[in-house]
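Okay, here's what each chain looks like letter by letter:
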Amino acid sequence: GAVVSQHPSWVICKSGTSVKIECRSLDFQATTMFWYRQFPKQSLMLMATSNEGSKATYEQGVEKDKFLINHASLTLSTLTVTSAHPEDSSFYICSARGWGPETQYFGPGTRLLVL
Amino acid sequence: QKEVEQDPGPLSVPEGAIVSLNCTYSNSAFQYFMWYRQYSRKGPELLMYTYSSGNKEDGRFTAQVDKSSKYISLFIRDSQPSDSATYLCAMSAGVRSGGSNYKLTFGKGTLLTVNP
């Protein structure tokens, strides 16, 4: 149980284009989903928290107009990197929390390379 | 002082060794403590979850939480080469303590290599 998927797992795009990453909780309903960014050999950096049906809460320093987050249902959240630039190249990971006080279950991550 | 401190290692041990991984923290509001394992280029996988102080055992893994010392540990017995990964501690204050949506605070991670 508690499986989270992400799609795509790998994406290469040209500078200036937009990229959408999907995060799905496959076997549970996620009240809250989180989006992280991870640079090589570094820990996870929380970008934003989203609750189903409401606006995402962004961490300080994260541009909300650049990283658009939509949490349209209890099983799906999307992150759109708008007008991507090479510095946006990174490993993006989502996680989902269910109803209990347990914890977050992570997706496998999406590696983004902007040329 | 950072909220969560974790020695990044790297830590290299022979197969079969007992591994001890640790984190310290400063926020006394933390109540939920987790250990994640992350293989290279993969998302973190939840290994152990503990609420408040105490010990929890699951197979070769034992998690300990000492809230009085603000110190948590993960022990791996009979370590295997497949245990080679980065281990991240994480903790949360939870909603009851004013934490928002169980947001997790992570340590930097310890890179472990178990040599055959």
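Residues numbered from 1 in each chain as written. Chains lettered and ligands numbered in written order. Predicted model: local features only at pLDDT ≥ 70, side-chain atom pairs only at ≥ 80, totals over all residues. Heavy atoms only, no water.

## Comments concerning the overall build of chain B
Move 1: A tally of regular secondary structure across chain B gives 0 helices and 11 strands.
Move 2: Ordered by position in the sequence, the α and β elements of chain B form the string β-β-β-β-β-β-β-β-β-β-β.
Move 3: In terms of overall dimensions, chain B is globule-like: its C-alpha atoms have a radius of gyration of 14 Å, near the 13 Å expected for 116 residues.
Move 4: Projected onto the principal axes, the alpha-carbon positions of chain B cover approximately 45 × 30 × 25 Å.
Move 5: Per-residue burial for chain B yields a buried fraction of 43% across its 116 residues.
Move 6: Contacts spanning at least 24 positions in sequence make up 56% of the contacts within chain B whose residues lie at least 6 apart.
Move 7: Approximately 5600 Å² of chain B is accessible, and the part contributed by carbon and sulfur atoms is 47%. (Helix = DSSP H or I, 4+ residues; strand = E, 2+ residues; numbered from the N terminus. Rg over C-alpha atoms; globule rule 2.2 N^0.38 Å. Buried < 20%, exposed > 50% of the residue type's maximum accessible area, 1.4 Å probe, protein only. Contact = heavy atoms within 4.5 Å. Areas by Shrake-Rupley, 256 points an atom, 1.4 Å probe, with all protein chains shown as cover.)

## A short note on unusual backbone geometry
Move 1: Here the residue pair H7(A) and P8(A) is connected by a cis peptide bond, since its omega of 0° sits within 30 degrees of zero.
Move 2: Topologically, P8(A) is positioned in the loop between β1 (4-7) and β2 (10-13).
Move 3: In this chain, G9(B) is followed by P10(B) through a cis amide linkage whose omega measures 5°.
Move 4: Although it is not a glycine, R41(B) sits at a positive phi angle of roughly 65°.
Move 5: Among the secondary structure elements, R41(B) is positioned in the loop between β4 (32-38) and β5 (45-51).
Move 6: Looking at R41(B), the relative accessible area reads 56%, which means it is exposed.
Move 7: A positive phi angle, close to 60°, is found at S52(B), a residue other than glycine.
Move 8: Checked against the element boundaries, S52(B) lands in the loop between β5 and β6 (54-58).
Move 9: Its relative accessible area of 25% is what places S52(B) among the partly exposed residues.

## Remarks on the sheet that holds β1(A)
Sheets are built from strands that pair by backbone hydrogen bonding, the pairs being arranged parallel or antiparallel.
Residues and elements named next belong to chain A.
Move 1: What the 4 strands build is an open sheet, ordered β1-β3-β8-β7; its pairing is antiparallel. Looking at the sheet topology across the chains shown, the edges are occupied by β1 and β7 (67-73). Geometrically, the sheet is characterised by an average inter-axis angle of 15° between neighbouring strands, direction not taken into account.
Move 2: Looking at chain direction, β1 and strand β3 (residues 19-25) are connected through 4 bridges and run antiparallel. Across the sheet, the residue bridging to S5 is R24, located in β3. (Pairing = 2+ DSSP bridges. Axes fitted to C-alpha atoms, helices over the stretch in contact; angles between N-to-C directions.)

## Things to note about the sheet that holds strand β1 (residues 4-6) of chain B
Residues and elements named next belong to chain B.
Move 1: Pairing is antiparallel across the open sheet formed by 5 strands, whose spatial order is β1-β3-β8-β7-β6. Edge positions in the sheet fall to β1 and β6, since each of these pairs with one other strand and no more. Sheet twist, expressed as the average angle between the axes of neighbouring strands with direction ignored, equals 15°.
Move 2: Examined bridge by bridge, β1 and strand β3 (residues 19-25) share 3 bridges and lie antiparallel to one another. Among the inter-strand pairings, E5 is bridged to a residue of β3, identified as T24.

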